[in-house]
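Here is how the chains run, residue by residue.
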Amino acid sequence: MDLCYTEAEEAFRDELRAWLHSVLPDVGPPPADHTDLDARRAYDTQWQRILHEAGYAGIHWPFEFGGRGSTPTEHLIFLEETERAGAPYVGVNFVGQLHAGPTLIAEATPEQQRTHLAPILRGDHVWCQGFSEPGSGSDLASLTTRALDDGDHYVVTGQKIWTSFAQVADYCELLVRTDPDVPKHRGITWLIMPMDLPGIEIRPIVTALGTGEFAEMFLDEVRIPKVNRVGDHNDGWRVTMVTFAFERGTAFISEIIASQRLLADLAKIAQKVTRGAARAADDAEIRRRLGRLEAELDALWSLTKRNVSQAQRTGMVGPGGSVFKLAYADTRKRMSDLAEQILGRVGLAIGDTLDLSELDHVGERLYALTLTIAAGTSEIQRNIVGERLLGLPKDR
C-alpha cells in the first residue's frame, strides 16, 4: 500500500488545478430548478464536452477507447481536485461515465464499443440504469422483468424503479430475466435498451427534497434487438458484477470531500447558534462529536486511498469498497444527527437556515438517509464483508 503521491502525480494535480482555475469562471451555476431535467442535462453535458475537448473526459478509461488512460491514483486526484474547486459533477450521465461505459469496455463487442463509447465521452448520449424493481432491490437477482426470445429480438415486459435520469436518457443498461426455470442468478441477461423504443413509459418520482431525478419505468412488450445484448444469453449476472465493481470503486470519492466541507461549516455554525446564554460550540459533548467525525472522515479518506492503491496494483477494489461504503453511511448518519442537534428548530425547514450558511444542512440530513440504500444496502455490504473478509458462511 502506498498512500503518498509521486512527483508525476503531483505534477498532474498542478496541471489540473491550473486548468480548472482557467475554465470554471465561464461555466456558471447549475440550474436552480431541481425538477427541470432538460436544463440539468444541457448543463451537465456542456461540462462533459468541455472535459472532452481538454482531454479530461473518461480520465480513467483506457486510451484506446477515447479516455486518458490514467491510473486509479490520477483518477482519485481528478475527483478530489474537481470537487474542491466546485466543478460540476458528472451529473445526469453518471451511469454512462462510471458504470455502463466501463462495463462496455470490459464486456461489449467491438461494434457495441464503437457505437456507444465515444458519444458517452463527448456528452452526446446519456444513460440510465434499469436494475432495481419494486420487489427486487437488495435481492437484485430475484428480478422479474421478463424478456421472451423472439427471433432477432427480446420482447421485454416488466417494471423498474429508482431509474435515475430516465426522463432524459438515450440508453438504459437493463437487466432482464431470460430463463425463469434455472437458479435466479443464472437466468439473467444484460441488455442495451434505446429509450425511444415503443412500449416504454416513464413516470417521474419527486423526492422529499423536491428533486426529480428518479423515475419508475414501465416496459410493455418492448422489442430490443439481440445485437444489443452484452455478454452471453443468461450471463447477465456475471456482467452485472463487473458493473458493480466499477460502481463501488470510486462512487463516493467526491462525497468524502463534500462531507469534510459540510462538517467544517457545521463547526462554524456551532460558533453562531446559542442555547440560552451559551453557544452550541461551548458544549463539550458537541465539540467531542465534531472532532470524532472529523477524524472518521480523515480515516475514510485514507481508506479510499488504500482502496485506490490496491486497485492500481491488482485492478480490483475488492471488499474494501464495501467496508468504505458501510462506514461512510454510518458516519454521515451521525453527522446529520449532530447537525439536527446544532440547528435546533432551524433544522425543520429546508432552505431556511437564517443565513447561518450557504450550505443546505437540512437537505443533506435527509439525503444521508439514502446512503444506507444507494449503491448497495448496508445489509448487502455487511454480507460481503462477512463472507469475503471474515470467511463467515453465506447468508441464507
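Residues numbered from 1 in each chain as written. Predicted model: local features only at pLDDT ≥ 70, side-chain atom pairs only at ≥ 80, totals over all residues. Heavy atoms only, no water.

Draft legend 1. Here's a closer look at the overall build of the protein. When helices and strands are tallied, the protein shows 11 helices and 10 strands. For a compact globule of 396 residues, the expected C-alpha radius of gyration is about 21 Å, and the protein comes in at 22 Å, within 12% of that figure. With 396 residues in all, the protein has 48% of them scored as buried. Sequence-distant contacts in the protein: of pairs separated by 6 or more residues, those separated by 24 or more amount to 73%. (Helix = DSSP H or I, 4+ residues; strand = E, 2+ residues; numbered from the N terminus. Rg over C-alpha atoms; globule rule 2.2 N^0.38 Å. Buried < 20%, exposed > 50% of the residue type's maximum accessible area, 1.4 Å probe, protein only. Contact = heavy atoms within 4.5 Å.)

Draft legend 2. Structural view of the packing of aromatic side chains. Counted by the stated rule, this structure contains 8 aromatic pairs. Of the aromatic side chains, those joined through ring pairs into one cluster are F12, W19, W47, Y56 and F78. Positioned above the aromatic ring of Y5, the side-chain terminus of R13 is 4.7 Å from the ring centre. Positioned over the ring face of F218 is R203, at 4.0 Å from the centre of the ring. (Phe/Tyr/Trp six-rings, centres within 6.5 Å; stacked < 30°, edge-to-face > 60°. Lys NZ or Arg CZ within 6 Å of the ring centre and 35° of its normal.)

Draft legend 3. Quick peek at the pairing of strand β4 (residues 171–177). The element β4 is extensively covered by neighbouring structure, given that 7 of its 7 residues are classed as buried. Across the two faces of β4 the burial is the same, with Y171, E173, L175 and R177 and C172, L174 and V176 all buried. Bridge count for strand β1 (residues 127–130) against β4 is 4 bridges, and the pairing is parallel. Opposite W127, over in β4, you have Y171 as the bridge partner. (Pairing = 2+ DSSP bridges.)

Draft legend 4. Here's a closer look at the pairing of strand β2 (residues 146–150). Note: β2 against strand β3 (residues 153–160), 5 bridges, orientation antiparallel. Among the inter-strand pairings, D150 is bridged to a residue of β3, identified as H153. Counting the residues between successive antiparallel strands, the hairpin from β2 to β3 contains 2 residues, one of them, G151, with a positive phi of roughly 70 degrees.

Draft legend 5. Main features of the environment of I342. If you trace the backbone, I342 turns up in helix α9 (residues 320–343). Between the C-alpha atoms of I342 and A267, which are 75 residues apart in sequence, the distance is 9.2 Å. Discounting residues that sit within four places of it in the chain, I342 has contacts with L266, I269, A270, V273, R275, A280 and I286.

Draft legend 6. Spatial organisation of the side chain of T163. Tracing the backbone shows T163 in the loop between β3 and β4. We classify T163 as buried; its relative accessible area is 0%.

Draft legend 7. Summary view of helix α10 (residues 361–368). Those residues of α10 lying buried are H361, V362, G363, R365 and A368. In this structure, the buried side of α10 is in contact with α7 (253–270) and α9. Of the residues flanking the start of α10, the one acting as N-cap is D360, its side-chain oxygen 2.9 Å from the backbone nitrogen of G363. (Polar contact = N/O pair within 3.5 Å; in protein donor to acceptor, adjacent residues only side chain to side chain.)

Draft legend 8. Looking closely at the packing of α7 against α9. Remark: α7 packs on α9, axes separated minimally by 11 Å, with the N-to-C direction vectors making an angle of 20 degrees. Judged by the angle between their axes, α7 and α9 are roughly parallel. As α7 packs across α9, the resulting crossing turns out to be left-handed. Touching E255, I256, S259, L262, L263, L266, I269 and A270 of α7 are F324, Y328, R332, M335, L338, A339, I342 and L343, all from α9. For the contact of α7 with α9, the per-class residue count stands at 13 nonpolar, 1 polar and 2 charged. (Axes fitted to C-alpha atoms, helices over the stretch in contact; angles between N-to-C directions. Parallel < 35°, antiparallel > 145°, perpendicular 65-115°, else oblique. Left-handed = near helix turned anticlockwise from the far one by under 90°. Nonpolar A, V, L, I, M, F, W, Y, C, P; charged D, E, K, R; others polar.)

Draft legend 9. Main features of the domain arrangement of the protein. The domain architecture assigned to the protein consists of domain 1 (7–89), domain 2 (127–244) and domain 3 (253–389). Taken over C-alpha atoms, the centre of domain 1 sits 29 Å from the centre of domain 2. In this complex, domain 1 contributes 6 residues to the contact, which on the side of domain 2 involves 8 residues. Carbon and sulfur atoms supply 65% of the area buried between domain 1 and domain 2, which totals about 590 Å² over both sides. Considering only the surface of domain 1 that becomes buried against domain 2, H34, L37 and R41 emerge as the three largest contributors, covering 73% of it. Of the charged contacts, one joins R41 and D170 as a salt bridge, the two residues approaching to 3.0 Å between their closest N and O atoms. Joining domain 1 to domain 2, the criterion identifies 2 residue pairs in polar contact (both at pLDDT 80 or more). (Domains from an automatic or database assignment. Buried area = accessible area lost by both parts, 1.4 Å probe. Salt bridge = Lys/Arg side-chain N within 4 Å of Asp/Glu carboxyl O.)

Draft legend 10. How the structure looks around helix α4 (residues 94–107). Spanning 14 residues, α4 covers 19 Å between terminal C-alpha atoms, matching the ideal 20 Å at 1.5 Å per step. Helix geometry: α4 is bent most strongly at A100, by close to 40 degrees, with proline P102 lying one to four residues after it. Of all 14 residues that make up α4, 11 are buried, and the element is covered over most of its length. Listed in full, the buried residues belonging to α4 are V95, G96, Q97, L98, H99, A100, G101, P102, T103, L104 and I105. (Expected span 1.5 Å × (residues − 1). Bend = angle between axes of the 7 residues up to and from the residue.)

Draft legend 11. Inspection of the pattern of salt bridges at higher detail. Summed over the entire model, instances satisfying the criterion amount to 25 salt bridges. D124 is the partner of R122 in a salt bridge, and the nearest nitrogen-oxygen pair spans 2.7 Å. Its relative accessible area of 33% is what places R122 among the partly exposed residues. The salt bridge involving R223 is made with D150; its shortest N-O contact spans 2.7 Å. Separated by 73 residues along the polypeptide, R223 in strand β7 (residues 214–225) and D150 in strand β2 bring together distant segments of the chain. Residues joined in a network through salt bridges with shared partners are E10, R13, R17, E80, E81 and R84.

Draft legend 12. Focus on the state of the cysteines. In this structure the tally under the stated criterion is 0 disulfides. Here C172 stays free of any disulfide, with the sulfur of C128 as its closest cysteine sulfur at 3.9 Å. What makes C172 buried here is its relative accessible area of 0%. (Disulfide = S-S within 2.5 Å.)

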